[in-house]
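One letter stands for each residue in the lines below.
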Amino acid sequence: MKQPTHPGTTATRRRRATSIGAAVGSCALIVASVVSATPAAADGAGHGRGSRYVSLGDSYTSGPGIPQQVDANCARSDHNYPSLVAAERRTTAFKDVSCSGATTENMWKPQGTNGPQLDALGRDTDLVTVQIGGNDIGFSSIIGTCAQLYATDPTGNPCQRHYLSSGIDELSLDVLETAPKVASVLRAVHGRAPHARVLVVGYPDLLPDDGSGCAPAVPFAAQDFPYLRDTGKRLNLMLRLVAQLNRAEYVDTYGPTLGHDMCKAPADRWIEPLRPTSPAAPAHPNAKGEEAMARAVLERLGGGRGHN
């Protein structure tokens, strides 16, 4: 679990936050000018129709716990969103190398029996989806930390105070520091699959968008729900900007999953809580959630280029 930053590192973290924040601000200005001037050019350069499709990603892609599991090492399902997209598009060649626990580093480094994910790409690849970054900011440790702190102040914001204890929002900084890592992944994808259409898939809506809570079913303090919701939104905004700046397209899965977060009743939720009632990993999409993400990817593919 992530520990609070020690006071002696605060000055260094402030300097890093300032420099990275300025860089991201500049990126936002560049994106705005690109979108307003040449919207079609902002998308991925690939024209491929997806007959040779490669899926890269972490557990939100692989679908842990969702039947049928076809790779125990990576907790990969044959009903995750890449498999559904491949079936709908009737791809002639499909490689899904997504793996539970993957970080951007695992695009170049193996995870157990799963080789470096980038190795699945080739010059004949014409569609790539990438969903990565959640583990780089520490999804699992964040959830564990916030759940552990819940009992200390159920009506307050102990988790937010924990991550602000150094005077800087550590989670916001982690999101900023993940941006260049995702950018490096996209550059590598373009290098290995130069003709591919590249889609960066965002993360779905995990918590109520209105900021309300549902403890103890989801054991976070009342005022930590909006904080964690906003952290997820910052991650998705970063992914959108990085995609825009690296000739890729962004797929919004947050909007399409609104109202189906882990606080909803079992029949209505597409994200399972920390104690799942449908086959899925805790705080992960169930089969309906994977179907929703597949629809978002397919809509993006069907919508052609030049739509952000």
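All values derive from a computational prediction rather than experimental measurement. (Residues numbered from 1 in each chain as written. Predicted model: local features only at pLDDT ≥ 70, side-chain atom pairs only at ≥ 80, totals over all residues. Heavy atoms only, no water.)

A look at the sheet that holds strand E6 (residues 197-201)
Piece 1. As summarised here, the arrangement of the five strands in space is E4-E1-E5-E6-E7, forming an open sheet in which the pairing is parallel. The open sheet terminates on both sides in strands that have one partner only, identified here as strand E4 (93-96) and strand E7 (249-251). Each strand axis lies, on average, 20° off the axis of its neighbour in the sheet, ignoring direction.
Piece 2. As paired strands, strand E1 (residues 52-57) and strand E5 (residues 127-131) are joined by five bridges and run parallel to one another. (Pairing = 2+ DSSP bridges. Helix = DSSP H or I, 4+ residues; strand = E, 2+ residues; numbered from the N terminus. Axes fitted to C-alpha atoms, helices over the stretch in contact; angles between N-to-C directions.)

Observations concerning the side chain of Asn 106
Piece 1. With respect to the helices, strands and loops of the structure, Asn 106 is situated in the loop between E4 and E5.
Piece 2. Setting aside chain neighbours within four positions, we find Asn 106 in contact with Gly 101, Gln 111, Pro 116 and Gln 117. (Contact = heavy atoms within 4.5 Å.)

Thoughts on unusual backbone geometry
Piece 1. Cis geometry is found at the peptide bond from Pro 67 to Gln 68, where omega equals -15°.
Piece 2. Mapped onto the secondary structure, Gln 68 falls in the loop between helix H2 (59-62) and strand E2 (69-71).
Piece 3. Following Ala 215, the chain continues to Pro 216 via a peptide bond in cis, the omega torsion being 5°.
Piece 4. Counting through the fold element by element, Pro 216 comes out in the loop between E6 and helix H7 (224-245).
Piece 5. Unlike most non-glycine residues, Ala 283 shows phi in positive territory, near 60°.
Piece 6. Examined against the element boundaries, Ala 283 turns out to sit in the loop between E7 and helix H8 (287-302).
Piece 7. The exposure class of Ala 283 is buried, given its relative accessible area of 2%. (Buried < 20%, exposed > 50% of the residue type's maximum accessible area, 1.4 Å probe, protein only.)

Considerations on the packing of helix H3 (residues 81-89) against H8
Piece 1. Two elements in contact, H3 and H8, have axes whose closest approach is 8 Å; the angle formed by their N-to-C orientations is 45°. Taken together, the axes of H3 and H8 are oblique relative to one another. The crossing of H3 and H8 is right-handed. Side by side, H3 and H8 meet where Tyr 81, Leu 84, Val 85, Glu 88 and Arg 89 of the first sit next to Glu 290, Glu 291, Met 293, Ala 294, Val 297, Leu 298 and Leu 301 of the second. (Parallel < 35°, antiparallel > 145°, perpendicular 65-115°, else oblique. Left-handed = near helix turned anticlockwise from the far one by under 90°.)

Focus on the side chain of Asn 157
Piece 1. Turning to its location among the elements, Asn 157 is positioned in the loop between helix H4 (139-149) and helix H5 (158-163).
Piece 2. Take Asn 157: its relative accessible area is 17%, and that puts it in the buried class.
Piece 3. Within the structure, the side chain of Asn 157 is placed 2.8 Å from the side chain of Gln 160, a separation counted as a polar contact.
Piece 4. Ignoring sequence-local partners within four residues, the contact set of Asn 157 consists of Gln 223 and Asp 224. (Polar contact = N/O pair within 3.5 Å; in protein donor to acceptor, adjacent residues only side chain to side chain.)

What to know about the packing of helix H6 (residues 170-192) against H7
Piece 1. At a minimum axis distance of 9 Å, the contact between H6 and H7 shows a crossing angle of 25°. By the angle class used here, H6 and H7 are roughly parallel. The way H6 lies across H7 gives a crossing that is right-handed. Contacts between H6 and H7 involve Leu 171, Ser 172, Val 175, Thr 178, Ala 179, Val 182, Ala 183 and Leu 186 on the former and, on the latter, Tyr 227, Thr 231, Arg 234, Leu 235, Met 238, Leu 239, Val 242 and Ala 243.

Remember, this is a structural readout, not a statement about activity or role.
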